[in-house]
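# Descriptive structure summary
Listed here are the chains, written in short residue letters.
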Amino acid sequence: PTFGFLLDIDGVLVRGHRVIPAALEAFRRLVNSQGQVRVPVVFVTNAGNILQHGKAQELSSLFGFKVDPDQVILSHSPLKLFSQFHGKRMLVSGQGPLVENARALGFWNVVTVDELRMAFPVLDMVDLERRPKTTPLLRNDFPAIEGVLLLGEPVRWETSLQLIMDVLLSNGNPGTGLATAPYPHLPVLASNMDLLWMAEAKMPRFGHGTFLLCLETIYQKVTGQELRYEGLTGKPSILTYQYAEDLIGQQAERRGWAAPIQKLYAVGDNPMSDVYGANLFHQYLQMAKHEGTGELGACGLKKQRPSATQSCASILVCTGVYHPKDPETVEPAQGREEPPFHGHRDFSFSPGLMEPSHIVNDVDEAVQLVFRKEGWA
């Protein structure tokens, strides 16, 4: 093969815990009788509150063939490349196997929001039940925090928002108060910018992008300054697609496929993360070809291998966030020219990047389309 697939998971292969039937059909085409994929496949999800090997095991049991952990890219996987922050003492926010995930990415010196709350009980005041009944002694032996790592949506948003703000406004010493907030603030790294995602409910659910929007809005309102990120990973970030491209290349090498992988097909259900991201990466590939910048990754990080990829096509399915417009209701709502932009603040609205290369009903149709285009039976 000279092509590979980047498959989204939620809304493409599953809805919540329910397998989308077309996904089973798609893997009948993609997987040979020995249980191996016939072309390189990487699963690119914006989920992050899980372990990589856990997600690989889940996919293996759902679809009946072995998915290796390095075929799975979580929203925070590319943070492995940010080695300049790996030794810093980072406040980490999210849920699930949080510390284990942070350590797997290379961050070995982390403090959770719960640990910070236990050290400084007077900081968390929204829930009356959790307020301290007496005034505890102030700690002065708690080492300063040097950065913030946002790996996914937390459970108690009010606690996480308050304590992250405390860390940023106190320059990492939340037990103290500063007369003026330091700016630039401590480094912030975040993954998964999805405003919404699709589970079993009829309407989309809040994603980590909604939490980031709350944090950015509070920071701007309190300080008058813009919250800045040292890194944003997960779709639609170019870095995530470069990371996927590297894994596709490694997979092809391991299988002994000598021909370079030149075309990527990204299949997703979310126009903002999947389509925008694939089109942004395609645009980047075209620029790199003309300007000869193929060795440098996004954010100036050195690429792990030279790129053979020439194109990345976006294929939008109708089994998740995206629903084709009912022909009866083509009028924009209440005279609005464009639908609201659900992308992250740091990604400018560009209508062209929201246009998929192809729209199909489901992932099985997507695989059939690609096989026809590539001349595969």
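In this text the structure is predicted, and so the values were computed from the model without any measurement. (Residues numbered from 1 in each chain as written. Predicted model: local features only at pLDDT ≥ 70, side-chain atom pairs only at ≥ 80, totals over all residues. Heavy atoms only, no water.)

### Considering the packing of helix α1 (residues 21–30) against helix α9 (residues 363–374)
Running from N to C, α1 and α9 cross one another at 30°; their axes reach a closest spacing of 7 Å. If you check the angle between α1 and α9, you find them roughly parallel. Across from Ala-22, Ala-23, Glu-25, Ala-26, Arg-29 and Leu-30 in α1, the residues of α9 making contact are Val-363, Asp-364, Val-367, Gln-368 and Phe-371. Along the lines of polarity and charge, the residues of the contact of α1 with α9 split into seven nonpolar, one polar and three charged. (Axes fitted to C-alpha atoms, helices over the stretch in contact; angles between N-to-C directions. Helix = DSSP H or I, 4+ residues; strand = E, 2+ residues; numbered from the N terminus. Parallel < 35°, antiparallel > 145°, perpendicular 65-115°, else oblique. Contact = heavy atoms within 4.5 Å. Nonpolar A, V, L, I, M, F, W, Y, C, P; charged D, E, K, R; others polar.)

### Focus on unusual backbone geometry
Here the amide bond leading from Tyr-183 into Pro-184 is cis, since omega sits at 5°, within 30 degrees of zero. As for its position among the elements, Pro-184 is in the loop between α5 (157–169) and β9 (188–191). In the segment running from Lys-235 into Pro-236, the intervening peptide bond is cis, with an omega of 10°. With a phi angle near 60°, Asn-171 is a residue other than glycine that sits in the positive phi range. The backbone phi angle of Asn-192 is positive, close to 75°, even though this residue is not glycine. Relative to the assigned elements, Asn-192 resides in the loop between β9 and β10 (196–197).

### Some points on helix α2 (residues 52–63)
Since one α-helical turn is 3.6 residues long, residues separated by three or four positions face the same way. In a regular helix each residue adds 1.5 Å, so twelve residues correspond to 16 Å; α2 covers 17 Å between its end C-alpha atoms and thus fits that length. Every buried residue of α2 is accounted for by Lys-55, Ala-56, Leu-59, Ser-60 and Phe-63. In an axial view of α2, the angular spread of the buried residues amounts to 140°, which keeps them on one side of the axis. Away from the buried face of α2 by more than 90 degrees, exposed residues Gln-57 and Ser-61 are located. Check the buried side of α2 and you find it contacts β2 (14–15), β3 (18–19), α1, β4 (41–44) and β5 (72–73). In the segment just after α2, Gly-64 is the residue with positive phi, at about 75°. (Expected span 1.5 Å × (residues − 1). Buried < 20%, exposed > 50% of the residue type's maximum accessible area, 1.4 Å probe, protein only. Arc of directions from axis to C-beta.)

### Structural notes on the pairing of strand β8 (residues 147–150)
Every second residue of β8 is oriented toward a common face, with Gly-147 and Leu-149 on one face and Val-148 and Leu-150 on the other, all of them buried. Relative to β8, strand β6 (residues 90–93) runs parallel, the two sharing four bridges. Bridge pairing in β8 links Val-92 to Leu-149. One ladder, built from three bridges, connects β8 with β9; its direction is parallel. Following the sheet pairing, Leu-149 is matched in β9 by Leu-189. A crossover connection joins β8 to the parallel β9 through α5; in handedness this β-α-β unit is right-handed. (Pairing = 2+ DSSP bridges. Right-handed = clockwise from strand over helix to strand, strands pointing away.)

### Re the packing of aromatic side chains
Across all of its chains, the model carries 17 aromatic pairs by this definition. For the ring pair Tyr-241 and Phe-281, a centre distance of 5.9 Å and an interplane angle of 25° mean the geometry is stacked. Here the residue Tyr-241 occupies a position in helix α7 (residues 238–254), and Phe-281 occupies one in helix α8 (residues 271–291), the gap between them amounting to 40 residues. Geometry around Phe-142 places Arg-89 over its ring, the cationic atom sitting 4.9 Å from the centre. (Phe/Tyr/Trp six-rings, centres within 6.5 Å; stacked < 30°, edge-to-face > 60°. Lys NZ or Arg CZ within 6 Å of the ring centre and 35° of its normal.)

### Quick notes on the sheet that holds strand β7 (residues 110–112)
What the five strands build is an open sheet, ordered β7-β6-β8-β9-β12; its pairing is parallel. Edge strands, defined here as strands with exactly one partner in the open sheet, are β7 and β12 (231–233). Strand-to-strand, the axes of this sheet are offset by a mean angle of 20°, without reference to chain direction. Of the strands in this sheet, β6, β8 and β9 are in contact with α5, which crosses β6 at around 165°.

### Re the packing of α5 against helix α6 (residues 208–223)
At a minimum axis distance of 11 Å, the contact between α5 and α6 shows a crossing angle of 45°. As summarised for this structure, α5 and α6 are arranged oblique, according to the angle between their axes. Judged by the twist between their axes, the crossing of α5 over α6 is right-handed. Here α5 contributes Trp-157, Ser-160, Leu-161, Ile-164, Met-165, Leu-168 and Leu-169 to the contact with α6, which in turn contributes Thr-210, Phe-211, Cys-214, Leu-215, Ile-218, Tyr-219, Val-222 and Thr-223. In the contact of α5 with α6, the residues fall into twelve nonpolar, three polar and no charged. (Left-handed = near helix turned anticlockwise from the far one by under 90°.)

### Notes on the domain arrangement of the protein chain
Domain annotation for the protein chain reports domain 1 (3–74 + 237–295 + 305–374) and domain 2 (79–233). Once you take the C-alpha centre of each, domain 1 and domain 2 turn out to be 29 Å apart. Listed per partner, the contact involves 26 residues of domain 1 and 29 residues of domain 2. Carbon and sulfur atoms supply 53% of the area buried between domain 1 and domain 2, which totals about 2,300 Å² over both sides. The three residues of domain 1 that bury the most area against domain 2 are Asn-49, His-344 and Arg-345, which together make up 28% of that side's buried surface. Seen at the junction of domain 1 and domain 2, the total is zero salt bridges. On inspection of domain 1 and its partner domain 2, the count reaches eleven residue pairs in polar contact (both at pLDDT 80 or more). For the side of domain 1 that touches domain 2, the secondary structure elements donating two or more residues are α2 and α7. With three residues, α7 is the largest single contributor of residues to the side of domain 1 that touches domain 2. By residue class, the composition of the side of domain 1 that touches domain 2 is six nonpolar, 14 polar and six charged. (Domains from an automatic or database assignment. Buried area = accessible area lost by both parts, 1.4 Å probe. Salt bridge = Lys/Arg side-chain N within 4 Å of Asp/Glu carboxyl O. Polar contact = N/O pair within 3.5 Å; in protein donor to acceptor, adjacent residues only side chain to side chain.)

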